[in-house]
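Reading the structure
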Amino acid sequence: MNSRLPAILVTGGAGYVGSHTLVELLAAGYDVVCVDNFSNSSPEALRRVERIAGRAVRRVDGDIRDRSLLDLAFAAAPIEAVIHFAALKAVGESVLRPLDYYDNNVGGTICLLHACRRAGVKRFVFSSSATVYGIPQKLPLTEDMPLAPLNPYGATKLVNELLLRDLCASDPAMSVASLRYFNPIGAHPSGLIGEDPRDIPNNLFPFITQVAIGKRERLSVFGSDWPTRDGTGVRDYIHVVDLALGHVTALRYCARSTGFVPINLGTGRGTSVLELVKAFEEATARPVPYQIVGRRSGDIAECYADAGLALRLLQWRATRDVKEMCADGWRWQQGNPSGYS
Ligand code: NAD
Ligand code: UFG
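This report concerns the structure included in the present document. What you see is a predicted model; the values in this text were computed from it and never measured.

1. Observations regarding the overall build of the chain
Each helix and strand in the chain was counted, giving 11 helices and 13 strands. For 341 residues, the compact-globule estimate of 2.2 N^0.38 gives 20 Å, and the chain sits close to it at 19 Å. Principal axes of the C-alpha set define a box for the chain whose edges measure 55 × 40 × 40 Å. Within the chain, the fraction of its 341 residues that count as buried is 56%.

2. Quick notes on the sheet that holds strand E11 (residues 259-265)
Through backbone hydrogen bonds, the strands of a sheet pair up, either in parallel or in antiparallel fashion. Here 7 strands make up an open sheet; going across it, the order is E3-E2-E1-E4-E5-E6-E11 and the pairing parallel. Pairing within the sheet leaves two strands with one partner each, and these edge strands are strand E3 (58-61) and E11. Neighbour-to-neighbour, the strand axes of the sheet open up by a mean angle of 20°, direction not taken into account. The pairing of strand E2 (residues 31-36) with E3 spans 4 bridges and is classified as parallel. Note on E3: the bridge partner recorded for valine 35 is valine 60.

3. Re the nonpolar core
One finds Ile8, Leu25, Val57, Leu179, Leu251 and Leu314 to be the most contacted residues of the largest nonpolar core, which totals 44 residues. Per-element tally for this core: the top contributor is helix H8 (residues 240-255), with 7 residues. With residues up to four places along the chain from it excluded, the contact list for leucine 25 reads Ile8, Val10, Tyr30, Val32, Ile83, Val248 and Leu251.

4. Describing the site of ligand 1
Surveying the vicinity of ligand 1 reveals 28 residues, the closest of which are Asp36, Asn40, Ser41, Phe85 and Tyr153. Within the side chain of aspartate 63, an N or O atom sits 3.1 Å from a nitrogen atom of ligand 1. The protein chains hide 95% of the 820 Å² of surface that ligand 1 would expose on its own. Those elements giving two or more residues to the shell around ligand 1 turn out to be helix H1 (16-27), strand E5 (123-129) and helix H6 (152-170). At 3 residues, E5 tops the list of elements feeding residues into the shell around ligand 1. Among the residues making up the shell around ligand 1, the classes are represented as 12 nonpolar, 11 polar and 5 charged.

5. Description of the site of ligand 2
Close to ligand 2 lie 22 residues; Asn203, Ser220, Arg235, Arg296 and Asp299 are nearest. Residue serine 129 places a side-chain N or O atom 3.2 Å away from an oxygen atom belonging to ligand 2. Interatomic distance of 2.7 Å between a side-chain N/O atom of asparagine 203 and an oxygen atom of ligand 2. Notes on ligand 2: free accessible area 680 Å², of which the protein chains cover 88%.

6. Let's talk about the packing of H1 against H8
Running from amino to carboxyl end, H1 crosses H8 at an angle of 60°, the nearest separation of the two axes being 8 Å. On the basis of their axis angle, the class for H1 and H8 is oblique. For H1 against H8, the interelement crossing comes out right-handed. Contact residues: H1 offers Tyr16, Val17, His20, Thr21, Glu24 and Leu25, while H8 offers Val240, Val241, Leu243, Ala244, Leu245, His247, Val248 and Leu251.

Rules of the game
Along each chain, the written sequence defines residue order, and numbers are assigned to residues from 1. For naming, the first written chain is A and the first written ligand is 1, with later ones following in the order written. Totals for whole chains, interfaces and linings use every residue, but because this is a predicted model, local features are given only for residues with pLDDT of at least 70 and side-chain atom pairs only at 80 or more, for both listing and counting. Only hydrogens and water are set aside when side-chain values are computed; all heavy atoms of the structure are taken into account. Numbered from the N terminus, helices here are DSSP runs of H or I no shorter than four residues, and strands are runs of E no shorter than two. In this treatment the radius of gyration is a C-alpha quantity, and the globule benchmark scales as 2.2 Å times the residue count to the 0.38 power. Each residue is placed in one exposure class: buried if its accessible area under a 1.4 Å probe, protein chains only, is under 20% of its type's maximum, exposed if it is over 50%, and partly exposed if it falls in between. Only strands joined by at least two bridges in the DSSP assignment are considered to pair. For every element, the axis is a line fit to its C-alpha atoms; helices are fit only across the contacting stretch, and the angle between N-to-C directions ranges from 0 to 180 degrees. In this description, a nonpolar core means a group of buried Ala, Val, Leu, Ile, Met, Phe, Trp, Tyr and Cys residues linked to one another through side-chain atoms lying within 4.5 Å. Contacts were defined at the residue level, with two residues in contact if any of their heavy atoms lie within 4.5 Å. Residue proximity to a molecule or strand is established when one non-hydrogen atom of the residue lies within 4 Å of it. Think of a polar contact as two N or O atoms within 3.5 Å of one another; within protein, one of them needs to be a possible hydrogen donor and the other a possible acceptor, and neighboring residues in sequence only count if both atoms come from side chains. Values of accessible area rely on a 1.4 Å probe in the Shrake-Rupley scheme; residue burial ignores everything except the protein chains shown. Nonpolar residues are Ala, Val, Leu, Ile, Met, Phe, Trp, Tyr, Cys and Pro. Charged residues are Asp, Glu, Lys and Arg, and all others, Gly as well, are polar. By the definition adopted for this analysis, an angle is roughly parallel if under 35 degrees, roughly antiparallel if over 145, roughly perpendicular if from 65 to 115, and oblique otherwise. By convention, the crossing between two helices is left-handed when the near helix turns anticlockwise from the far helix through less than a right angle, and right-handed when the turn is clockwise.

Okay, here's the thing in structure tokens:
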């Protein structure tokens, strides 16, 4: 790899969304430098990315809160922009360990932004979340709606957004796209990379695939008495490859604009828990036994994006439907029953 080509520094690139984004960046012709401490991922993901892309990923292994490590990463190639995925993301754990979450997710971003300043990097794409909206006051969610996260994890995303907005206000050359993801699921169609939860999955889709492969007996559906069309929770599931492509378009947007902009990345369509189970069964011909149990604390009934701003600013829209998400996620689970290990 030519070390003098401009490159994108990607934090958390070995993770679920990061690994899929690395593939799309490499396919689009970017060079990449990945900084990851593997606290929730495996280096094997990066080897798989290289296999899919047929190109090398430059690695600087370690924590983004380590100043000298970051300086090493920024010196590995001329960095033109940063995509910042690295964060802890388990909602329940964030309630139990708020200090760790603020330290990693907010402290980490502050260290990274200092390093950007030292290196003169002005373009920044941030992994935010639909969780910043809290309980939706109106659907679909538009970016100007009130922000009121319901847990420490969501609060760290909001604090980061406020910090990035203030930074842009102080430096007219800064350009930040804060991408508010809805619910990424599925996997790369190669089946080589995908989501690899360490313990019992907190999220619906990896739980479904683990039931389908026989690792878990049945899915617990958290509540059938929500004010939704079938009583189960509704979310805006987005194929992780569509989400990854959204980052490539956001990078291009940052190159032609300045200032802070939050942008929803979703499909604009809601799918209930039972609809997702049915779509999965149809796409894979595997049964997914389930039982209805009580609501999960902190859940909301329904959440889906107004994806209009992404179309207007980025010329991006999600094109893969729920069946494709299920088929691709299942290919990954079948080919890698124990994830990367
Ligand atoms: P992930 O856990 O798979 O990936 C995060 C990566 O960051 C991991 O590889 C982890 O090892 C790394 N990391 C964490 N802290 C680090 C640190 N201090 N230094 C270096 N590396 C560190 O998570 P993901 O699902 O790929 O999510 C990526 C980003 O998107 C996160 O910021 C997450 O909060 C956000 N997000 C995810 C979802 C989702 O449902 N997956 C939804 C909304 C937002
Ligand atoms: N659900 C079940 N059973 C399960 C898991 C989930 O019925 O075993 C239900 C939930 O109650 C909810 C829906 O499936 O109705 C989706 O739940 P997820 O946990 O998959 O997703 P959430 O929307 O609750 O949360 C996710 C991430 C958050 C992120 C949010 C918005 O976990 O970190 O999406 O991006 F903030």
